[in-house]
Amino acid sequence: MKPAIVFGTRPEIIKLPPVVRAFEKEGIRPLLIHTGQHYDYEMSNVFLEELELQRIDYHLEVGSGSQAEQTGKAMIKIERVLMDEKPDVTIVQGDTNTVLAGALASVKLRIPVAHVEAGLRSFDRTMPEEINRVLTDHASDVLFPPTEEARRNLEREGITENVYVTGNTIVDAVLQNSEIAEQKSRILEELSLKPKGYILITAHRAENTDSRENLEKLIGIFESLSLPAVYPMHPRTENRLKAFGLWERVGQIKDLIVTKPLGYLDFLRLQKNAKIVMTDSGGVQEESIILNVPCLTLRYNTERPETIEAGGNVLVGLEKERVLEYVNRLIEDEEFYKRMANAPNPFGDGKAGERIASILLGMYDGGKLVVRS
Ligand code: UD1
Ligand code: UDP
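Let me begin by describing the structure that accompanies this report. Quick caveat, the model's predicted, so the values are computed rather than measured.

1. Details of the sheet that holds strand β9 (residues 256-259)
Strand order in the open sheet formed by six strands is β9-β8-β7-β10-β11-β12, and the pairing between neighbours is parallel. Sheet topology places β9 and β12 (313-315) at the edges, where each strand pairs with a single neighbour. Across the sheet, the axes of successive neighbouring strands diverge by a mean angle of 20°, strand direction being ignored. Both strand β7 (residues 199-202) and strand β10 (residues 276-279) contribute to a ladder of four bridges, which runs parallel. The residue bridging Leu-200 from the neighbouring strand is Val-277, located in β10. Most of the contacts of helix α15 (residues 282-290) go to β10, to which it runs at about 165°, and overall it touches β7, β10, β11 (295-297) and β12.

2. Side note on the packing of aromatic side chains
Using the criterion set out here, one finds three aromatic pairs in the structure. Where Phe-144 meets Tyr-164, the ring centres are 6.1 Å apart and the plane angle is 35°; that geometry is what we call tilted. In this pair, Phe-144 sits in strand β6 (residues 142-144) while Tyr-164 sits in the loop between α7 (148-156) and α8 (169-184), placing the two residues 20 residues apart along the sequence. Residue Phe-144 is classed as buried on the basis of its relative accessible area, which comes to 0%. With a relative accessible area of 24%, Tyr-164 lands in the partly exposed category. Residues Phe-222 and Tyr-231 carry aromatic rings whose centres are separated by 5.6 Å and whose planes lie at 75° to one another, so their mutual orientation is edge-to-face. Taken individually, Phe-222 and Tyr-231 each receive the classification buried, so the pair is uniform in this respect. Above the ring of Tyr-337, the side-chain terminus of Lys-275 is found at 4.3 Å from the ring centroid. Here Arg-329 stacks its cationic end above the ring of Phe-336, 3.8 Å away from the centre of that ring.

3. Re empty space enclosed by the protein
If you walk through the whole model with that rule in mind, you get three cavities of 30 Å³ or more. Each pocket or cavity is described by its volume, and for the largest cavity that value is around 60 Å³. Around the largest cavity, the lining residues are Leu-215, Leu-218, Ile-219, Phe-222, Tyr-231, Met-233, Thr-237, Leu-241 and Val-250. Of all elements in the fold, only α11 (212-223) and α12 (235-243) reach the threshold of two or more residues within the lining of the largest cavity.

4. Here we look at the sheet that holds strand β1 (residues 3-7)
Taken together, six strands build an open sheet; the order of strands is β3-β2-β1-β4-β5-β6 and the sheet is parallel. Edge positions in the sheet fall to β3 (58-59) and β6, since each of these pairs with one other strand and no more. Bridge analysis of strand β4 (residues 89-93) against strand β5 (residues 113-116) gives four bridges, and the strand direction is parallel. Within β5, the position partnered with Gln-93 by the bridge is Val-116. Sheet strands touched by helix α19 (residues 352-362): β4, β5 and β6. Its angle to β6, the strand with the most contacts, is close to 165°.

5. Things to note about the side chain of Asn-313
Mapped onto the elements, Asn-313 comes out in strand β12. Its relative accessible area of 3% is what places Asn-313 among the buried residues. One polar contact links Asn-313 to Gln-285, side chain to side chain, over a distance of 3.0 Å. Polar contacts involving the side chain of Asn-313 include one to the side chain of Thr-307, which spans 2.9 Å. Beyond its immediate stretch of four places on either side in the chain, Asn-313 contacts Gln-285, Cys-295, Leu-296, Thr-297, Thr-307, Ile-308 and Met-340.

Parameters and conventions
- Residues numbered from 1 in each chain as written.
- Chains lettered and ligands numbered in written order.
- Predicted model: local features only at pLDDT ≥ 70, side-chain atom pairs only at ≥ 80, totals over all residues.
- Heavy atoms only, no water.
- Pairing = 2+ DSSP bridges.
- Helix = DSSP H or I, 4+ residues; strand = E, 2+ residues; numbered from the N terminus.
- Axes fitted to C-alpha atoms, helices over the stretch in contact; angles between N-to-C directions.
- Contact = heavy atoms within 4.5 Å.
- Phe/Tyr/Trp six-rings, centres within 6.5 Å; stacked < 30°, edge-to-face > 60°.
- Buried < 20%, exposed > 50% of the residue type's maximum accessible area, 1.4 Å probe, protein only.
- Lys NZ or Arg CZ within 6 Å of the ring centre and 35° of its normal.
- 1 Å grid on protein atoms, 1.4 Å probe; cavity = no way out; pocket = protein on both sides within 12 Å on 5 of 7 lines; lining within 4 Å.
- Points joined across faces, edges and corners; volume = space filled by probe spheres on them.
- Polar contact = N/O pair within 3.5 Å; in protein donor to acceptor, adjacent residues only side chain to side chain.

The structure is reproduced here in structure tokens:
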């Protein structure tokens, strides 16, 4: 069997190695196609190195651009590779423009598409990711929702064939790397941070960083925190802060350390030892419940409602009073802190990668992937 894996951004580079490894264990070497949607060393190569994914077969160098420009460029370049290589299945993961481009290019060539992390819904069509999720799910032949809740979202949209609940490969990634992170990373020492003595922040979503008003709300929150905080900043956020003339103001916030985006081992160690995580990231919401760190999500909706229902995550939005109410409660109320920190992980047992590879191999018959439709 010849699987092709299309990826291009930080979260995909982190969440796909468990699938690659599972195929390799079976003696199969998937074709690796990197679109180059993320290209800075800190957004791509650092992860390829740490997660040993350096043998990329095709690097498409798509880069940044408007939604259509980026998606269109990626589609054109992916199509050429798929036509040359004729894989049996194209695997994509998540909800980025790379994912939609990979799925559309593949399905139109009648090469089956398998979508890892299918069925997530924020029900907010203003997010480019929501459009990507819905369209990719409907273009896919095999769907791997991480949870029952995600599977039900697919069912409500009439997608019931070839749907397999597998857990999320982020659990595999965290389990495979958190010990290594504890041993190898020196990030706490480098930044002079004490375990459980700081808040870890990430925020990069378009809805939070593309408007000056929302960026100012975020800054207002960071200015009022009662614990030291560390913010490894996504280049999108840095660029927007500079464009709006807000960069200097961020630099002046007392007890806020802003760093470049961090490698996975440093970030995992920082996350595991944080008192509180504050984020708008999807993957970071997942990881914090896996690592038993309370998560405050700087958004008004989430496509990961399982984390809220389990009690490990709260949608605090961007209103300072509400955010600070939760931060202070977590610092002052030990019982409340423990309840959030001990929320059960809803994303599975860390064997999602193996399940995905084994299901796809089981569908391979007579020289091709046999999918019901
Ligand atoms: C994309 C995903 C988002 C995901 C995020 C992961 C889409 C629509 N969005 O958002 O769902 O959470 O990746 O991090 O696909 N930039 C750099 N260097 C890089 C990459 C980006 O400077 O290596 C800057 C550029 O100014 C670029 C901007 O960041 O225009 C946005 O990058 P883009 O890939 O369009 O989207 P993300 O915000 O990264
Ligand atoms: N991450 C990282 N370094 C950072 C910030 C995040 O390694 O400086 C990891 C994080 O551990 C998680 C993933 O990046 O696994 C999340 O990616 P991101 O927030 O960019 O995208 P999203 O999950 O929101 O799509």
